[in-house]
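# Residue-level structural notes
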Amino acid sequence: MQIAIVGLGKMGGNMVKRLLGGGHHVVAFDRDAAVVDKLAKEGATAASSLADMVAKLAAPRTVWVMVPSGKPTDTTIEELGKLLSPNDIVIDGGNSNFHDSIRHSDELAKKQIRFLDAGTSGGIWGLEVGYCLMVGGDKSAFDHVEPALATLAPKDGLGYFGKAGAGHFAKMVHNGIEYAMMQAYAEGFELLKATEYGYDLRQLTKVWNRGSVVRSWLLELAEHAFNVDPELASLKPYVEDSGEGRWTVTEAIAHSVPVPTISASLFARFVSRQENSFAMRVLAALRNEFGGHAVRKA
């Protein structure tokens, strides 16, 4: 089928390649013309603007938006709403807040443009192994684009979950769980590193990935990371969050659902960014005040 991809970053560009490999006709657009040209050499149809991209699509047009969440996505979808026609389809495959997806669906519906929110997981490895896709929105749109979605996803890695927002809500919770899993691995490896046994974490992760109940793709990535840099000396202990963990905790509060592990993993990321934590200095001061415990001066 024919589909356009807007946003040709690490994931968007690889999605274009996977779709081309599946025999689909892809129109590609990005603000970086060099990236567009590169994919054009691999078989994509280059577009110089959103308007040019829409002009190169046959009705009903399908446009997959793969740009950063928030204002970039809002702006792109707003412009597409002015360019597309009734019965066309917009898919938001980025990490948008599900509230935004509901709003986008409602706004496009006024113009009879169909909308899908596709929670997309797979990262830079998706080109090779496929992208897990959690989709919400217009069911007729899903049925129309399913051939392309099936190409992007691995076997059994694609699901339709209901009305607009369902896809991105599922992806939000998925990422909240991911936060907690990553934090558990990180704490476990730090404890192993602190003992007198001198564990070779390259060997240990290799063993754990073969039959262990804690084996996972994340653990496979840890094994790869330790093989590249056993001490992780090239990295700073600074961990950003892209929003989904915060949204997961917020929704848990709104639904009165306890998520202590996910919450703790989010707060641990905040701690990683504090080079000279005031809270830790307060703790040191209090221990010194009530017990005369030794402190380290700055």
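Read on for an overview of the structure. These numbers come from a predicted model, not from an experiment.

Right, let's talk about the packing of aromatic side chains for a bit. Inspection of the entire model under this criterion finds seven aromatic pairs. Look at Phe189 and Phe226: their rings are 5.2 Å apart centre to centre, the planes differ by 80°, and that puts the pair in the edge-to-face class. In this pair, Phe189 is assigned in helix α8 (residues 166–194) and Phe226 in helix α10 (residues 217–228), connecting sequence segments 37 residues apart. Accessibility expressed as a relative area gives 7% for Phe226, which makes it buried. A centroid spacing of 5.9 Å and a plane angle of 55° characterise the contact between Tyr197 and Tyr199, whose relative ring orientation is tilted. Chaining the aromatic ring pairs together yields one cluster made of Tyr185, Phe189, Trp208 and Phe226. The ring of Tyr160 has Lys139 lying over it, and the distance from NZ or CZ to the ring centre is 5.6 Å. It is Arg269 that lies over the ring of Tyr179; its NZ or CZ is 3.6 Å from the centre.

Quick look at the nonpolar core now. For soluble globular proteins, the rule of thumb is that nonpolar side chains tend to be buried together. If you look at the biggest cluster of nonpolar residues, it comprises 28 residues, and the most contacted ones within it are Val16, Trp64 and Leu133. At the level of elements, β1 (2–6), α1 (10–21), β2 (25–29), α2 (33–40), β5 (89–92), β6 (114–121), β7 (132–137) and α7 (139–152) are the ones that each hand at least two residues to this core. Per-element accounting of this core gives the leading share, six residues, to α7. Discounting chain neighbours no more than four positions away, the residues touching Trp64 are Ile3, Ala4, Ile5, Val6, Met15, Ile91, Gly93, Ala118, Thr120, Leu133, Leu149 and Leu152.

On strand β4 (residues 62–65), burial covers both faces: Thr62 and Trp64 on one face and Val63 and Val65 on the other are all buried. Bridge count between β1 and β4: three bridges; the pairing is parallel. Bridge pairing in β4 links Ala4 to Val63. Pairing analysis gives four bridges linking β4 to β5, with the strands arranged parallel. Residue pairing across strands places Thr62 opposite Ile89, the latter belonging to β5. The β-α-β motif built from β4, the intervening helix α4 (residues 71–83) and the parallel element β5 has right-handed crossover chirality.

Parameters and conventions
- Residues numbered from 1 in each chain as written.
- Predicted model: local features only at pLDDT ≥ 70, side-chain atom pairs only at ≥ 80, totals over all residues.
- Heavy atoms only, no water.
- Phe/Tyr/Trp six-rings, centres within 6.5 Å; stacked < 30°, edge-to-face > 60°.
- Helix = DSSP H or I, 4+ residues; strand = E, 2+ residues; numbered from the N terminus.
- Buried < 20%, exposed > 50% of the residue type's maximum accessible area, 1.4 Å probe, protein only.
- Lys NZ or Arg CZ within 6 Å of the ring centre and 35° of its normal.
- Core = buried A, V, L, I, M, F, W, Y, C linked by side-chain atoms within 4.5 Å.
- Contact = heavy atoms within 4.5 Å.
- Pairing = 2+ DSSP bridges.
- Right-handed = clockwise from strand over helix to strand, strands pointing away.

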